[in-house]
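Descriptive structure summary
Listed here are the chains, written in short residue letters.
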Amino acid sequence: MSAYDVIVVGLGGMGSAAALQLAARGQRVLGLEKYGPAHDRGASHGGSRVTRQSYFEGPEYVPLLLRAYDLFDQLATDSGRDVITLTGGVMIGRPESRTVAGSRASAEQWGLEHEILDARELRRRYPTFAPQPDEVALFEAKAGFVRPEATVAANLQLATKHGADLRFDEPMSSWEPAGDGVRVTTGRGHYTAGQLVITPGPWAPELLADLGIEFRIERQVQHWYQPRGGVEPYLPDRHPIYVWEDADGGQIYGFPAVDGPAGGAKIAFFRRGTPTTPDTLDTEVHDDEVAEMMAYAGQRLPDLPGRFLRGEPCMYSTTPDEHFVIARHPAHESVTVACGFSGHGFKFVPVVGEILADLATCGATVHPIGLFDPRRFR
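Small disclaimer: the values here were computed from a predicted structure and weren't measured.

1. A closer look at the side chain of T199
Among the structural elements, T199 can be located in the loop between β12 (189-198) and α6 (204-207). In terms of polar contacts, T199 uses its side chain to reach the backbone carbonyl oxygen of G10, at 2.8 Å. Other than its neighbours up to four places away in sequence, T199 contacts V9, G10, M14, G15, A338 and L356.

Okay, here's the thing in structure tokens:
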């Protein structure tokens, strides 16, 4: 008999959610994490992540988002933590841009409430924005932001409450099939279980090399600014989250001032990073990066780059087609994998946890995950 039913490797967003779902179902769960709880060494930090339902990345994601919203609300209730806030959101660009046209297609296919605002109406509602005359915005009232550190902490808190054995500063060094299950080795010992769930984040190229996927690990910088004239126009009850695509296809995304008058407003380029590895990540934010963002943002939100407060790098781990990997391992029925989420994954955390628990305990899930099969890259 195995010591555990399921071992979860990696307790960031997806892994912490999987540990919670499995433990809540009565599974004997061991969770292993390379660093401490809710750490800032991977991709689940930075205070805020955009959430939205009118999904330009593809309408296939919408059913998962609808479930994720319900589960975020449940997580907030069960943990007593502030994990999701709806501020409304605008997807800005030319009408034919991926950001606008893709969001509109998803909204129309799934009957999601939305409005299309022309440049004049966008400026009237949100005077902080300075769109070009040929730009429009899709407004979605149910968009907002989720809190990555609070979400991970809530998952870990509740997983422990349900009996999960969570161990930090204990990375997995290897795993191998063992009988009908798996054997996991760390620097502190060996553990056996019937099932293994691997959620490696930016360590996917190392831990899941046998999938044969060319993962891209990139350094991305998050910026916080104190707007010229103060943060009042940027407070969450007055300002939406936004994704903005320019005429060349480049995108930025940003938030209201979610941390009060002293916290500034956060903005970042979307998918405009530089290659890195977890071990070589440059954690310093450089003057030229700040100057570039201030110049770019100043053309679109003129008062935002008043004073630079801080910057924080994080890592994206991305597949070649930018869609996720969520599946039973093609070569090992006792192993479930989930990776390649960065850039748009955190809003799915609770439903991915539910899916991983389904796959580990039942071998299948009712959720639509065919798009995320790793065999598509063969």
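From this point, the discussion proceeds with the structure in view.
2. Observations regarding the sheet that holds strand β4 (residues 84-86)
Taken together, three strands build an open sheet; the order of strands is β3-β8-β4 and the sheet is antiparallel. Looking at strand neighbours, the two that pair on one side only are β3 (49-51) and β4, the edges of this open sheet. Strand-to-strand, the axes of this sheet are offset by a mean angle of 30°, without reference to chain direction. Direction of pairing for β3 relative to strand β8 (residues 144-146): antiparallel, over a ladder of three bridges. Bridge pairing in β8 links T51 to G144.

3. Remarks on helix α7 (residues 287-298)
Helix length check: α7, at twelve residues, gives a terminal C-alpha distance of 16 Å against a target of 16 Å (1.5 Å per residue), a fit within 8%. Residues E289, V290, M293, Y296 and A297 constitute the buried set of α7. Take α7 and look down its axis: the buried residues cluster within an arc of 135°, on one side only. Turned more than 90 degrees from where α7 packs its buried face, D287 and D288 sit exposed. Of the surrounding secondary structure, the elements contacted by the buried residues of α7 are β13 (216-226), β15 (251-254), β16 (265-270) and β18 (307-318).

What counts and what doesn't
Residue numbers here run from 1 along each chain, matching the order of that chain's written sequence. Note on the predicted model: pLDDT of at least 70 is required for a residue's local features to be given, and 80 or more for side-chain atom pairs to be given and counted; whole-chain, interface and lining totals, by contrast, use all residues. The basis for every side-chain value is the complete set of non-hydrogen atoms in the structure, without hydrogens or water. Put simply, DSSP H or I for four residues or longer makes a helix, DSSP E for two residues or longer makes a strand, and each gets a number counted from the N terminus. For this analysis, a polar contact is any N or O atom pair within 3.5 Å, provided that within protein one partner can donate a hydrogen and the other can accept it, and provided that sequence-adjacent residues contribute only side-chain to side-chain pairs. The contact definition used throughout considers only heavy atoms, calling two residues in contact when any of these lie within 4.5 Å. Being paired, for any two strands, means DSSP has found at least two bridges between them. Only the contacting stretch of a helix is used when fitting its axis, a line to C-alpha atoms as for every element, and angles between N-to-C directions run 0 to 180 degrees. Helix span, expected: 1.5 Å multiplied by one less than the number of residues in the helix. When accessible area is computed with a 1.4 Å probe and restricted to protein chains, residues below 20% of their type maximum are described as buried, those above 50% as exposed, and intermediate ones as partly exposed. Each C-beta atom gives one direction from the helix axis, and the arc is the one those directions make.

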